[in-house]
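# Fold and contact review
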Amino acid sequence: MFTPDNTSALQDELTKRWHQEAIEAWQPPADPWTSLIARQHLANFELWHTEDAARTPGATDADLARVKRRIDETNQRRNDLAEQIDQALLNSLAQQGLPNAASPLHSESPGLMIDRLSILALKIFHTREEIERPGAPAGHAERNRDRLAVLTAQRDDLAACLDALWSETLAGTRRFKLYRQLKMYNDPALNPAVYRNS
């Protein structure tokens, strides 16, 4: 169904494409699994650039309020899609009688690891941009080359951990569960700042 390598490769490919082409023209892949990974990465992509907008010098209070609402909405979508990734994997495993309920439980699910790989793909892309940035101050490129080496090592480690988790789950020697994020701030019935002022 997936491998960590093709997941990271897809995230890299989409990051590059979305920086070169109008994102509004992009259509999710037809394959349901690839579409799910792509849409989750798109949420992180949008969140990254919305967070940048929140730090624009001279932004008004009204601008920041709009950006904050967009961040909340996008972050909710990001978390929902990470949960959908885990659910899709668990549905696929169930057809094989997996995961093995008697095996040790892994503390982090594949969906959360794929989310972290997505963020690392964005960090790596933008760090490479900074290495090549014209007119940057002295030492800027070298500092970002050091950052790139760290980020690349972190992604390689995480991809290897995800690969090990998936291999062990298929072998019946490890399991994972779907962990719901249960965000409260987006739920009007649970956020006191909303329900006390409605």
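Heads up: these notes are all about the structure in this document.

Quick notes on the rules
- For every chain, the first residue of its written sequence is number 1, and the numbers climb from 1 along that sequence.
- Where totals are concerned, whole chains, interfaces and linings use all residues; where local detail is concerned, this predicted model gives features only for residues with pLDDT of at least 70, and gives and counts side-chain atom pairs only at 80 or more.
- Computation of side-chain values covers all heavy atoms of the structure but excludes hydrogens and water.
- Here the aromatic set is Phe, Tyr and Trp, taking the six-membered ring for Trp, and pairing holds for ring centres within 6.5 Å; pairs whose planes are under 30 degrees apart are stacked, those over 60 apart are edge-to-face, and all others are tilted.
- Remark: exposure states derive from per-residue accessible area (1.4 Å probe, protein chains only) relative to the maximum for the residue type, with buried under 20%, exposed over 50%, and partly exposed in between.
- Counting from the N terminus, the helices are the DSSP runs of H or I reaching at least four residues and the strands are the DSSP runs of E reaching at least two.
- One less than the residue count of a helix, multiplied by 1.5 Å, gives the span that helix is expected to have.
- The reported arc concerns the directions from the helix axis to the C-beta atoms and nothing else.
- For this analysis, residues touch if any pair of their heavy atoms sits within 4.5 Å.

## A few points about the packing of aromatic side chains
A full pass over the atoms with the stated rule returns two aromatic pairs. For the pair W18 and W26, a centre-to-centre distance of 5.2 Å together with 85 degrees between the ring planes defines the contact as edge-to-face. The same class applies to W18 as to W26, namely buried. Judged by centre distance (5.2 Å) and plane angle (70 degrees), the rings of W18 and F45 are edge-to-face. Here W18, found in helix α1 (residues 4-20), pairs with F45, found in helix α2 (residues 32-54); they are 27 residues apart in sequence, far enough to count as distant. Each member of the pair, W18 as well as F45, is classed as buried.

## With respect to α1
With 17 residues, α1 should cover 24 Å at 1.5 Å per step; its first-to-last C-alpha distance of 25 Å lies within 8% of that length. Restricting attention to buried positions, one finds in α1 the residues P4, T7, S8, L10, Q11, L14, T15 and W18. Around the axis of α1, the buried residues are gathered within 155 degrees of arc, so they sit on the same side. Across from the buried face of α1, at angles greater than 90 degrees, the exposed residues are D5 and Q20. On its buried side, α1 packs onto α2, α4 (110-131) and α5 (140-171).

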